[in-house]
Amino acid sequence: MSAPETATPATAPPTDRFDLFVIGGGVNGCGIARDAAGRGLRVGLAEMGDLAGATSSASTKLFHGGLRYLEYFEFRLVRESLIEREQLLKAMPHISWPMRFVLPIHPEMRFENSTPTSRLLKLVMPWMKGRRPAWLIRLGLFLYDNLGGREILPGTKSLSLDGTREGAPLKDSLHRAFEYSDAWVQDARLTVLNARDAARWGAQILPRTKVTGARPDGDGWQVDLQDAETGETRQISAKALVNAAGPWVADMLNGTLGRNSEAGIRLVRGSHIVTRRLYDHDKCYFFQGSDGRIIFAIPYEQDYTLIGTTDMDHPDPDQPPEITETEIDYLCAFASEYFREPVTRAQVVWTYSGVRPLYDGGASSASAATRDYTLRMEGSGPPLLSVFGGKITTYRRLAEHAMDHLAEHFPTIRASWTAGRPLPGGDFPVEEAEHRIAELRKAYPFLGPSGAQRLFRHYGTEAAEILGDATSAADLGQDFGAGLSEAEVRHLMTREYARTAEDVVWRRTKLGLRLNEDQIAALDAWMAEERSRQNNLT
């Protein structure tokens, strides 16, 4: 039996009794909550901070198969990711869209020494001395094109860099490239929209709510919650728990949940830099280094270029991830090996870092640690499932597999249902995106081209709901700068769980790149006053 076609879009009424309670409001936790709620379970989710407040807003923002994972022979992960890539494009064509990637052939590109492919090539072609030959890259791209099937995205082609727009920003020494397809995604919006859809199916979403304790109670759990803002406490019961606490998954399992698990986690920090736009086309670059690593250079938020990522071991989930001076220099130098004009620290306008909670399989380096996920069901006591690792592209399949693990405890649940089902605002075909942006611009000419594109790429078909019958920017209420209106902020507060200016300008949008400190402070003050006003009405 599949999930019903429609459900009332309403916030679930408060309850203290759940079938399934999810700890963690990242993309995996919100994806599991959505899947479970759509199957008919009473679902709750607690996140100690903002939704997508940690790893899920700090990715490289790609739906991709993971081309470099082929070097580690992770064919299952790559195949699953490639299949999911197109499923997700269909389900959220407003926040995800196809992109073409240009992979220049550089004579010094090399394998990382620890990869199985590198070790194999050393045996059969020792004279290559660790270099990645172009024919092997093309073979990898052939597999990449065919492992998961393609319906939407075009395949790989060879490309000349001489006298072409793709070659114009690159050094003259680079003559050939391969061009292949992957997809962009707005990661934090993906997470929030999963939470919204979970709530549409009846889930209770509790941001800024910390799980302070949990203990078995008969065949279920008693869980202690604390509101991070007011300090108020609450106790709920649940038949089963999912520990999707991301970087804190091991601490939650062995600390708060009182288990003595040997499951290990490897915290890997990935850092990115953002510069002013470095080139004038909409394709991405995939750069390979002499140290065996790779980085991307990606068009970002219309006027910028995103460069990343690094892979560094991170000591403690409670230590905020911050890019180091060494990492900034590394990314600038790496990109400068390819770009005609060197990338300098002076061009960097923003940086961000996130911690990936990878399953610790004993890999020799942070780069070599698997991006595949592991779901671990505790063998004794009430049902408790912990999520280790994973990548943003496979979050939906991870949620399905999580429900497979839990299904024996809920024999009446409905069948899987999320494949291809649109997230809020994504109820239109992929190929109609540009047409719909043009229609939005026509209906609201005061937005201008960039304003219409930004709103549609954030809210899809819901953009018109935010704009209503406005005929000018003034009709949208207070202007906070960079096109951010009171109407949009109200939508984010009432529909997307935003509480602070940081939630708005660095997660639900990236307008922090365009707003100054005074503007952000004014927005924060307005939101605080609005929260107070709403509290006084209830």
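Below is a short write-up of the structure. Nothing here was measured: the structure is a model prediction, and the numbers come from that model.

### Here's the deal with the overall build of the chain
In step 1: Counting its secondary structure elements, the chain contains 14 helices and 20 strands.
In step 2: The C-alpha atoms of the chain give a radius of gyration of 23 Å, which matches the 24 Å a tight globule of 538 residues would have.
In step 3: With the C-alpha coordinates aligned to their principal axes, the bounding extent of the chain is approximately 65 × 60 × 45 Å.
In step 4: Per-residue burial for the chain yields a buried fraction of 59% across its 538 residues.
In step 5: Relative to all contacts within the chain whose residues are 6 or more apart in sequence, the contacts with residues 24 or more apart total 73%.
In step 6: Put simply, the chain shows about 22000 Å² of open surface, and 50% of that area lies on carbon and sulfur atoms.
In step 7: Averaged over its 62 positive side-chain charges, the chain has a centre that lies 5 Å from the centre of its 71 negative ones.

### A few points about the packing of aromatic side chains
In step 1: Going through the model one piece at a time under the given rule, you end up with 23 aromatic pairs.
In step 2: Ring geometry for phenylalanine 286 and phenylalanine 296: centres 5.4 Å apart, planes at 85°, overall edge-to-face. Of this pair, phenylalanine 286 sits in strand β12 (residues 284–288) while phenylalanine 296 sits in strand β13 (residues 294–300), and the two are 10 residues apart along the sequence. Here phenylalanine 286 matches phenylalanine 296 in class, with each residue buried.
In step 3: Measuring from ring centre to ring centre gives 5.8 Å for tyrosine 359 and phenylalanine 388, while their planes differ by 80°; the resulting arrangement is edge-to-face. Taken as a pair, tyrosine 359 in strand β16 (residues 348–359) and phenylalanine 388 in strand β18 (residues 384–389) lie far apart in primary sequence, 29 residues in all.
In step 4: Following the ring pairs from residue to residue traces out a cluster consisting of Phe101, Tyr144, Tyr180, Phe286 and Phe296.

### Some details on the packing of helix α10 (residues 448–459) against helix α12 (residues 486–495)
In step 1: Between α10 and α12, the shortest axis-to-axis distance is 13 Å and the interhelical angle comes to 10°. Between α10 and α12, the interaxial angle falls into the category roughly parallel. For the pair α10 and α12, contact is made by Arg454, Leu455 and Tyr459 and by Glu488, His491 and Leu492, respectively.
In step 2: Taken together, the residues of the contact of α10 with α12 break down into three nonpolar, one polar and two charged.

### Regarding unusual backbone geometry
In step 1: Along the chain, glycine 308 connects to threonine 309 via a cis peptide bond; the corresponding omega equals 15°.
In step 2: Assignment of secondary structure puts threonine 309 in the loop between β14 (304–308) and β15 (312–313).
In step 3: The backbone of alanine 482 sits at a positive phi, close to 60°, despite the residue not being glycine.
In step 4: Along the chain, alanine 482 turns up in the loop between β19 (479–481) and β20 (484–485).
In step 5: Residue alanine 482 is classed as partly exposed on the basis of its relative accessible area of 35%.

### Thoughts on the pairing of strand β8 (residues 209–217)
In step 1: Sheet topology places β8 next to strand β9 (residues 220–227); eight bridges connect them, and they run antiparallel. Counterpart to proline 216 in the pairing with β9 is tryptophan 221.
In step 2: As consecutive antiparallel partners, β8 and β9 are separated by two residues, and within that stretch glycine 218 has a phi angle of approximately 65°, a positive value.

### Details of the nonpolar core
In step 1: The biggest cluster of nonpolar side chains holds 34 residues, and the ones touching the most others in it are Leu20, Ile32, Ile205 and Val242.
In step 2: For this core, the elements supplying multiple residues, two or more each, are β1 (17–23), α1 (27–38), β2 (43–46), α5 (187–200), β10 (233–243), β17 (373–377), β18 and α8 (395–406).
In step 3: Membership of the second largest hydrophobic core comes to 32 residues, among which are Ala58, Leu67, Leu103 and Val274.

### Considering the packing of α1 against α5
In step 1: Relative orientation of the contacting elements α1 and α5 amounts to 25°, with a least axis distance of 8 Å. As judged from the angle between their axes, α1 and α5 are roughly parallel. For α1 against α5, the interelement crossing comes out left-handed. Side by side, α1 and α5 meet where Val27, Cys30, Gly31, Ala33, Arg34 and Ala37 of the first sit next to Leu190, Thr191, Asn194, Ala195, Asp197 and Ala198 of the second.
In step 2: For the contact of α1 with α5, the class distribution of residues is seven nonpolar, three polar and two charged.

Conventions used here
Here the residue numbering is sequential within each chain, running from 1 through the sequence in written order. Whole-chain, interface and lining totals are the exception, using all residues; otherwise, since this is a predicted model, local features are given only for residues with pLDDT of at least 70 and side-chain atom pairs are given and counted only at 80 or more. Where side-chain values are given, they derive from all heavy atoms of the structure, hydrogens and water being excluded. Helix numbering and strand numbering both begin at the N terminus, where a helix is a DSSP run of H or I of at least 4 residues and a strand a DSSP run of E of at least 2. Restricting the calculation to C-alpha atoms gives the radius of gyration, and the globule rule supplies 2.2 Å times the number of residues raised to the power 0.38. Burial here depends on accessible area, computed with a 1.4 Å probe over protein chains only, as a share of the maximum for the residue type. Under 20% is buried, over 50% is exposed, and the range in between is partly exposed. Every residue pair with non-hydrogen atoms within 4.5 Å of one another is taken to be in contact. Every accessible area reported is derived by Shrake-Rupley at a probe size of 1.4 Å, with residue values counting cover from the shown protein chains alone. In this tally, Asp and Glu contribute negative charge and Lys and Arg positive charge; neither His nor the terminal groups of the chain are included. By convention, the charge on Lys lies at NZ, on Arg at CZ, on Asp at CG and on Glu at CD. Only the six-membered ring of Trp is used, alongside the rings of Phe and Tyr, when aromatic pairs are assigned; centres must lie within 6.5 Å, and planes under 30 degrees apart are stacked while those over 60 apart are edge-to-face, with the rest tilted. With axes taken as lines fitted to C-alpha atoms, and helix axes fitted only over the stretch in contact, angles between N-to-C directions fall between 0 and 180 degrees. To sort the angles, those under 35 degrees are grouped as roughly parallel, those over 145 as roughly antiparallel, those from 65 to 115 as roughly perpendicular, and the leftovers as oblique. Ten residue types, Ala, Val, Leu, Ile, Met, Phe, Trp, Tyr, Cys and Pro, are classed as nonpolar, four, Asp, Glu, Lys and Arg, as charged, and the remainder, Gly among them, as polar. Strands were regarded as paired on the criterion that DSSP finds at least two bridges between them. Among buried residues, those of type Ala, Val, Leu, Ile, Met, Phe, Trp, Tyr and Cys that are joined through side-chain atoms within 4.5 Å constitute a nonpolar core. Crossing handedness follows the turn of the near helix against the far one: under a right angle anticlockwise gives a left-handed crossing, and clockwise gives a right-handed one.

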